[in-house]
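Fold and geometry: a report
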Amino acid sequence: MHKKVTAALILVLSLMLVITGCGNNGNEPQNQAQNQNQTQAGGQTDKAKESEAEAVAGASEKSYTPHDQLKDSYDIIIIGAGGAGMTAALEAKASGMNPVIFEKMPVAGGNTTKSSSGMNASETKFQKEQGIEDSNDKFYEETLKGGHNTNDTELLRYFVDHSAEAIDWLDAIGIRLNNLTITGGMSEKRTHRPEDGSAVGQYLVDGLVRNVEEQGIPLFVNANVKEITQQDGKVSGVKVVLNDTEEKTITAKAVIVATGGYGANPEMITQFRPDLKGYVTTNQVGSTGDGITMIEKLGGVTVDMDQIQVHPTVQQEKSYLIGEAVRGEGAILVSSEGVRFYNEMDTRDKVTAAINALPEKSAYLVFDSGVKSRAKAIQQYEKMGFVIQGDTIEALAEAMGVPEDALAKTLETWNAAVQGKNDAEFGRTTGMDYDLSGAPYYAIKIAPGIHYTMGGVKINTNTEVLNKDGNPIPGLFAAGEVTGGLHGDNRIGGNSVADIIIFGRQAGVKAAEFVKAQ
């Protein structure tokens, strides 16, 4: 494994030198990890090798801690270097702890890297600066409605009430999310994005990794935790395998599990939702439910494991998520007949059902140059070859293979609806600030794909992992997609990034408090 990784790194560095010599001034976005082809739920595991190779390329851009610097003991062990894990590590360090992060993949970021739309938060300073009137209660009620009133209300209340300070915390460490848009199921612009409107994931991961490095927190990649150990009824550390070869037992007084969900584990998906067998997945290949399995062995319980979110807009050949912000900035969905068929800004489950009800079970996102300028992630979709273009609506229709007259009439009707602020056809009320009249015109073909696992281990608002009796397992904490309950039956777009930051911070703080009390 060492030889393979070394060879890959040499090759990548050589290619980087060639590219630099050809005049690349460093302006290409660092999206290598985001570009991973994902393992499909139907078991097409050949893509995993491609993903790992690309992950290694991404890893070469950052300096991770060499394995020979691994110590035998730390105050707190964090499993997983996604958004939740790195956030927890920073808060633990700020609380005076000596934390360590173990990441099984060759690069930090996890599913956070692939996040696109933004981070939801209410009553934030950026909303107030832009004259957006919002409230925590409204955020709470709309999330509860979106989750079909099945959300864990204690977790949800904590979540919305601490969302604004999470935005402030990120801003204080150089991660500024002051560009606002809207996602399905929300009535206000509370989805916070980077200042230039680009996808949130890579920006967030880069910022967190930078802070982890600046704080001197050891972050080991290719470090696969296989077991969480216990002694005298308390968590005592982990067993970790380095580079698939060397196993070490590392002790700690607390462990934070931030390993993500199980969206890239076809067997788990099929176990809990056999109806989703064969769906593509937007998840990075490391999202295999390891943390859930380890926690269950310690007596932790799970909730909502059959609640798996299918995202309506996924590019199928690359299993790549087309972010909700594209619709939030004004895009519409049309069928192969060139007509709208549903309210694009309804919740993800309902939009997915509408697409699956079409004979072709797929649709097109249609937008104009204005949407493209506001949703910067589209630049990445273009580079990946997803975007169809036409200088006129008729030219776009021809390129899409849909009836020209039908598409032209659809755009005419939609633009009139935007001008009159009344979507008489499907009742859409948000994402209607701009019409679609700015040539050239664009489309991306999409269909549903597995995106997010709402189920996971049960925690309380202190992020303590609970057993079957509802009691905390001493020294064991969890945050992010590995947990369940917050989102209920359906997650609102933009809430997962908020989840990892809000509860990642809480996990770091509460784990530190636990250690200090020992």
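These numbers were taken from a predicted model, which means no experiment stands behind them.

1. Describing the overall build of the chain
Looking only at helices and strands, the chain has 17 helices and 20 strands in total. Residue burial in the chain is summarised as follows: out of 518 residues, 60% are buried. Split by element, the accessible area of the chain, about 19,800 Å² in all, is 48% carbon and sulfur.

2. Considering the sheet that holds strand E9 (residues 246-251)
The strand order across the open sheet formed by 3 strands is E7-E8-E9, and the pairing between neighbours is antiparallel. At either end of the open sheet lies a strand with only one pairing partner, and these are strand E7 (223-231) and E9. Direction aside, the axes of adjacent strands within the sheet are offset by 25 degrees on average. As judged from the 8 bridges shared by E7 and strand E8 (residues 234-242), these two strands associate in the antiparallel manner. Across the sheet, Glu-227 pairs through a bridge with Lys-239, a residue of E8.

3. A short note on the packing of aromatic side chains
Considering all chains together, one arrives at 8 aromatic pairs under this definition. Here the aromatic rings of Tyr-158 and Phe-503 are separated by 5.5 Å at their centres, their planes lie at 35 degrees, and the arrangement is tilted. With a gap of 345 residues between them, Tyr-158 in helix H6 (residues 153-161) and Phe-503 in helix H17 (residues 495-517) connect regions that are remote in the sequence. Of the residues examined, Phe-503 reaches a relative accessible area of 3% and is grouped as buried. Lying across the ring of Tyr-140, Arg-157 places its NZ or CZ 4.8 Å from the centre. The ring of Tyr-434 carries the charged tip of Arg-374 above its face, separated from the ring centre by 3.7 Å.

4. Comments concerning the pattern of salt bridges
As enumerated under the stated definition, the model contains 26 salt bridges in all. Residues Arg-193 and Glu-329 are paired through a salt bridge, measuring 3.0 Å at the closest nitrogen-oxygen approach. You can see Arg-193 sitting in strand E5 (residues 191-193) and its partner Glu-329 sitting in the loop between helix H11 (325-328) and strand E14 (332-334), a full 136 residues away along the chain. Here Arg-193 matches Glu-329 in class, with each residue buried. One salt bridge connects Glu-246 with Lys-248, and the closest N-O pair in it is separated by 3.4 Å. Glu-246 sits in the partly exposed class, given a relative accessible area of 39%.

5. Brief notes about the nonpolar core
Core analysis: the largest hydrophobic core is formed by 99 residues, its most contacted members being Ile-76, Phe-102, Ile-228 and Leu-476. Considering every element that reaches this core, the biggest residue donor is H17, with 11 residues. In this structure, Val-351, Tyr-381, Met-384 and Trp-414 belong to the second largest nonpolar core, which totals 43 residues.

6. Details of helix H8 (residues 200-214)
Between its terminal C-alpha atoms H8 stretches 21 Å, which fits the 21 Å expected from 15 residues at 1.5 Å a residue. Where H8 is concerned, the buried positions are Val-200, Gly-201, Gln-202, Leu-204, Val-205, Gly-207, Leu-208, Val-209, Asn-211 and Val-212. Where H8 is buried, its residues contact helix H3 (83-94), strand E2 (99-102), helix H7 (163-172), strand E6 (219-220) and H17.

7. Notes on the sheet that holds strand E20 (residues 472-478)
Pairing is mixed across the open sheet formed by 6 strands, whose spatial order is E6-E2-E1-E10-E20-E19. Strands with a single pairing partner mark the edges of an open sheet, and in this sheet they are E6 and strand E19 (464-466). Note that strand E1 (residues 76-79) and E2 share 4 bridges and pair parallel. Bridging from a neighbouring strand, Ile-79 pairs with Phe-102 of E2. Contacts from H3 reach E1, E2, E6 and strand E10 (254-257), with the element oriented near 170 degrees to E2.

8. Considerations on the side chain of Thr-112
Tracing the backbone through its elements, the reader meets Thr-112 in the loop between E2 and strand E3 (119-120). Looking at Thr-112, the relative accessible area reads 7%, which means it is buried. Residue contacts for Thr-112: discarding those within four places in its chain leaves Gly-82, Gly-83, Gly-201, Leu-204, Val-205 and Ile-500.

9. Brief notes about the packing of helix H15 (residues 393-400) against helix H16 (residues 404-420)
At a minimum axis separation of 9 Å, H15 and H16 run at an interaxial angle of 130 degrees. With respect to H16, the element H15 is oriented oblique. Like other packed secondary-structure pairs, H15 and H16 cross with a definite hand, here right-handed. Facing Ile-393, Glu-394, Leu-396, Ala-397, Glu-398 and Met-400 of H15, the residues of H16 in contact are Glu-404, Leu-407, Ala-408 and Leu-411. For the contact of H15 with H16, the class distribution of residues is 7 nonpolar, no polar and 3 charged.

10. Focus: the pairing of E9
As a general feature of sheets, a regular strand has side chains that alternate between the two faces. In this sheet, E9 lies alongside E8 in antiparallel orientation, the contact comprising 6 bridges. Its bridge partner being in E9, Lys-239 is matched across the sheet by Thr-249.

11. With respect to the side chain of Ser-163
When you line up the elements, Ser-163 lands in helix H7. Judged by its relative accessible area of 0%, Ser-163 is buried. Apart from the residues within four sequence positions on either side, Ser-163 is in contact with Met-119, Asn-120, Ala-121, Ser-122, Asn-136, Phe-139 and Ile-502.

12. Thoughts on unusual backbone geometry
With the exception of glycine, the majority of residues adopt a negative phi angle, and the majority of peptide bonds are in the trans configuration. Cis peptide bonds are those with omega within 30 degrees of zero, and the linkage from Ala-439 to Pro-440 qualifies with -5 degrees. Tracing the backbone shows Pro-440 in the loop between H16 and strand E17 (441-453). At Asp-304, a residue that is not glycine, the phi angle is positive and equals roughly 60 degrees. With respect to the helices, strands and loops of the structure, Asp-304 is situated in the loop between strand E11 (302-303) and strand E12 (308-315).

Rules used in this analysis
- Residues numbered from 1 in each chain as written.
- Predicted model: local features only at pLDDT ≥ 70, side-chain atom pairs only at ≥ 80, totals over all residues.
- Heavy atoms only, no water.
- Helix = DSSP H or I, 4+ residues; strand = E, 2+ residues; numbered from the N terminus.
- Buried < 20%, exposed > 50% of the residue type's maximum accessible area, 1.4 Å probe, protein only.
- Areas by Shrake-Rupley, 256 points an atom, 1.4 Å probe, with all protein chains shown as cover.
- Pairing = 2+ DSSP bridges.
- Axes fitted to C-alpha atoms, helices over the stretch in contact; angles between N-to-C directions.
- Phe/Tyr/Trp six-rings, centres within 6.5 Å; stacked < 30°, edge-to-face > 60°.
- Lys NZ or Arg CZ within 6 Å of the ring centre and 35° of its normal.
- Salt bridge = Lys/Arg side-chain N within 4 Å of Asp/Glu carboxyl O.
- Core = buried A, V, L, I, M, F, W, Y, C linked by side-chain atoms within 4.5 Å.
- Expected span 1.5 Å × (residues − 1).
- Contact = heavy atoms within 4.5 Å.
- Parallel < 35°, antiparallel > 145°, perpendicular 65-115°, else oblique.
- Left-handed = near helix turned anticlockwise from the far one by under 90°.
- Nonpolar A, V, L, I, M, F, W, Y, C, P; charged D, E, K, R; others polar.

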